[in-house]
Amino acid sequence: MTRALHLLQPNPARTSLRRSGGYTAVFWWAVLAIFLQFLITANLLDAIGLNVPIKIHPASIIVLLCVVYLLLQADVPIQVRFREAPGLMLFVFGIPLLGIYSIFFNGFSGSMVYIESFWSAGLLAISLESATDKQKRILAWILITLCVIDAFVGIYESLTYTNWFPLVLDPDLLDKLTDTDVDFRANAFYAHPLTASLITAMAIFLIYSMRMRFLVAGPIFAVLLVALFGFGGRTALGVTLVVSILSAFYHLMAGIVRRDLKLDFVLAVLVAGIVVPVIIAIVVTQTTIGDRIMDTLYYDDSAAVRTTQWAILGRLSLRNWLFGISMVDLSALKYQIGLGSVDTDIENFWLLTFLNLGAIAFVPFLCLFGGFLVHLARRTASLNGWLLMLSALAIDSTSNSLGVKSSDLFVETAFLVSMVGFKGFVRAPHFARLTLPLPGRRANAAIAGAPGRLVPAGLRVARVANSR
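Residues numbered from 1 in each chain as written. Predicted model: local features only at pLDDT ≥ 70, side-chain atom pairs only at ≥ 80, totals over all residues. Heavy atoms only, no water.

**What about helix α7 (residues 86–106)?**
Helix length check: α7, at 21 residues, gives a terminal C-alpha distance of 29 Å against a target of 30 Å (1.5 Å per residue), a fit within 8%. V92 marks the point of greatest bend in α7, at about 25 degrees, and the proline P96 comes within the next four residues. All of the buried residues along α7 are G87, L88, M89, F91, V92, G94, I95, L98, G99, Y101, S102 and N106. Looking at the buried side of α7, the elements it contacts are α6 (78–84), α8 (113–129), α16 (318–323), α18 (349–380) and α20 (408–420). Where α7 ends, the next residue or the one after it, G107, has phi of about 90 degrees, a positive value. (Helix = DSSP H or I, 4+ residues; strand = E, 2+ residues; numbered from the N terminus. Expected span 1.5 Å × (residues − 1). Bend = angle between axes of the 7 residues up to and from the residue. Buried < 20%, exposed > 50% of the residue type's maximum accessible area, 1.4 Å probe, protein only. Contact = heavy atoms within 4.5 Å.)

This is the structure we're talking about:
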């Protein structure tokens, strides 16, 4: 163990390179990849006339190059990476093998999901792990800024019933979902309203970890909450509110038991208990933002699809159960159970993955995927990290998100890694404390902040020391 920890230390010969050049560049290239995942979607490409299906997203290529660079530097031997982060490394090496397995038994169609939705997220985690805590905190602010911008766009779309970018159902076929197919839903820059809801919910959990001042966190939380209504994700909204309430109650009780309850936390809970219901009431009754959620608070067509989809298991052959089913055969079975229209599909990524891999490979997939998520959550060393991971998993489980090419896990990885930067972080004060000086005395020059100068009669400025 001692040898492993020693090997994890940066090579002294490359220390200057790591901090001044190469490793900083890796971080910013990874940030660029996150930007591209937010901005380059099939919706955007269709809106600007570039109707060319994306087989491999540019963000996936960027993080792959970043990981190749890190491995070539060899600051941390590959065996030490496996020893210290087995969940991450097994995920990165195991997911491509599952993709090859899928290609061998069921063809190329649908196999790119393992590269785009899963493998790229593991590569991003490796790329960002070399970042400093300060860089990870910068990443957190970048993510929050992107989410707030998208939230304002989503709110605008919900108020005006206009989409900036038409929703594209299948990036490979560029099928568009028209207003006549389903009720209107905002999607902002995101690929799908459900993706918008998921990422907005994750942004709320990130706020809880950033230790920002309530005057800043409060308005951001309000904007994101209103956007959740606009994007129309019922599961995302429900999970976020329920988990937030339970988390606040837990911290309140724990603070009372440990006798370290902070006044600002109590005030935040009291204000949220009053303001959040008011915001929800105004959004629901006075605007069109919450129309989709309020109009579908019943057993609608979407809920019916989630029940019908399981009938497909009764039509599988023994080979399909063991080794999966090809996309051509799956499409035929979907028509047979009534899920063949443009706005209906299997709405559970667990079921889609099982159908693609079969029982033999699905068990290793569960182990690899679970190990990766546990690795990310443990690195945060925070309850909020576990809540974000579990909430995102619950939200994703109600759609086909990770069963098709999507950015969900990629962006979730960015959120969880950014949380690591706030481990043990103490917010520095940004104000000066004013105290009355002793009459007729010179203030200490170091405290006054102006060496060799007299402090004017009246006030002496005592700078508050940065606690970090």
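**Digging into unusual backbone geometry**
If a residue is not glycine, its phi is most likely negative; likewise, a peptide bond is most likely trans. Even without a glycine there, the phi angle at Y161 is positive, about 55 degrees. Relative to the helices and strands, Y161 resides in the loop between α9 (133–160) and β1 (168–170). On the basis of relative accessible area, Y161 is assigned to the partly exposed category, the value being 43%. Residues other than glycine seldom take positive phi values, yet A381 does so here, at roughly 50 degrees. As for its position among the elements, A381 is in the loop between α18 and α19 (383–396). Residue A381 is classed as exposed on the basis of its relative accessible area, which comes to 54%.

**Here we look at the nonpolar core**
Side chains of a nonpolar character, in soluble globular proteins, are inclined to be buried together. If you look at the biggest cluster of nonpolar residues, it comprises 110 residues, and the most contacted ones within it are F118 and F415. It is α18 that provides the largest number of residues to this core, a total of 12 residues. Listed in part, the 11 residues of the second largest apolar core include L330, I337, L339 and L351. (Core = buried A, V, L, I, M, F, W, Y, C linked by side-chain atoms within 4.5 Å.)

**Focus on the packing of helix α3 (residues 22–39) against helix α5 (residues 58–73)**
The interhelical angle for the contact between α3 and α5, taken along N-to-C directions, is 165 degrees, at an axis separation of 8 Å. The orientation of α3 relative to α5 falls into the category roughly antiparallel. The handedness of the crossing between α3 and α5 comes out as left-handed. Contacts between α3 and α5 involve G22, Y23, V26, W29, A30, L32, A33, L36 and Q37 on the former and, on the latter, P58, A59, I62, V63, C66, Y69, L70 and Q73. Residues belonging to the contact of α3 with α5 are distributed by class as follows: 14 nonpolar, three polar and no charged. (Axes fitted to C-alpha atoms, helices over the stretch in contact; angles between N-to-C directions. Parallel < 35°, antiparallel > 145°, perpendicular 65-115°, else oblique. Left-handed = near helix turned anticlockwise from the far one by under 90°. Nonpolar A, V, L, I, M, F, W, Y, C, P; charged D, E, K, R; others polar.)

The values reported here are purely geometric and, on their own, carry no functional implication.
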